[in-house]
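Residue strings, one per chain:
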Amino acid sequence: SQLAEENSWALSVHEGESVTVNCSYKTSITALQWYRQKSGKGPAQLILIRSNEREKRNGRLRATLDTSSQSSSLSITATRCEDTAVYFCLNNTNTGKLTFGDGTVLTVKP
Amino acid sequence: EAAVTQSPRNKVAVTGGKVTLSCNQTNNHNNMYWYRQDTGHGLRLIHYSYGAGSTEKGDIPDGYKASRPSQENFSLILELATPSQTSVYFCASGDGVQNTLYFGAGTRLSVL
């Protein structure tokens, strides 16, 4: 079973537009992480947001966390072609087992 | 800089053969993970480890064994490879505190 799920399989935007990827989870978490995977590479962490935080920013990226609805979002502003990638959320629990969702494929068109 | 190295990068194996995928990390992280990724799927957890000598089953452990002989090395073993195990395999290390994962570049395995 998946402990973290992105809510849209694929999104497409044009350069300069903003986009939001959503994630829901089913267990109690200590933190939630967002990763990006570019074609042919391993995933790389973008943001980690702790369970007592509501928002975290990293440049053009903004993550939110709503523990009451067990959901998180990752927003990207002023998108660029190089933001084209698969985006995953990953929830941290008290166990060492870390399970990803299926990911959201984001395509940024020129 | 954090470094996770996987070998080989590409492997072609025959059905019924034994395959060993290797992973080495220089991060001094306690936790290590093996995931597989298939088209249309995310990363699925096969095995993970909390430290040398420890291995734990992930979500899809059937047909795979893992070995953690040292802090640095974590291997994934397919004793009897099958075509359904054709996939891209990723190894990762994590510090076990914030659990940020650092991934290798992946191993593309084809079982014919």
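These remarks concern the structure in this document. This structure is a prediction, so every number in the text was calculated from the model and none was measured. (Residues numbered from 1 in each chain as written. Chains lettered and ligands numbered in written order. Predicted model: local features only at pLDDT ≥ 70, side-chain atom pairs only at ≥ 80, totals over all residues. Heavy atoms only, no water.)

## Some remarks on the pairing of strand E8 (residues 73–78) of chain B
Residues and elements named next belong to chain B.
Thinking step 1. Counting buried residues along E8, 5 of its 6 residues qualify, which places the element largely inside the surrounding structure.
Thinking step 2. Looking at chain direction, strand E3 (residues 19–25) and E8 are connected through 6 bridges and run antiparallel. Across the sheet, the residue bridging to Leu21 is Leu76, located in E8.
Thinking step 3. Here strand E7 (residues 65–67) folds back onto E8, and the loop between the two strands holds 5 residues. (Buried < 20%, exposed > 50% of the residue type's maximum accessible area, 1.4 Å probe, protein only. Helix = DSSP H or I, 4+ residues; strand = E, 2+ residues; numbered from the N terminus. Pairing = 2+ DSSP bridges.)

## Re the interface of chain A and chain B
Thinking step 1. Residue-level contacts link 22 residues of chain A with 20 residues of chain B.
Thinking step 2. The junction of chain A with chain B conceals about 1600 Å² of combined surface from both sides, 50% of it contributed by carbon and sulfur atoms.
Thinking step 3. Inspection of the region where chain A meets chain B yields 0 salt bridges.
Thinking step 4. In this assembly, chain A and chain B are joined by 7 residue pairs in polar contact (both at pLDDT 80 or more).
Thinking step 5. Broken down by class, the residue content of the side of chain A that touches chain B amounts to 8 nonpolar, 10 polar and 4 charged. (Contact = heavy atoms within 4.5 Å. Buried area = accessible area lost by both parts, 1.4 Å probe. Salt bridge = Lys/Arg side-chain N within 4 Å of Asp/Glu carboxyl O. Polar contact = N/O pair within 3.5 Å; in protein donor to acceptor, adjacent residues only side chain to side chain. Nonpolar A, V, L, I, M, F, W, Y, C, P; charged D, E, K, R; others polar.)

Take it as geometry only, folks, not as evidence of what the structure does.
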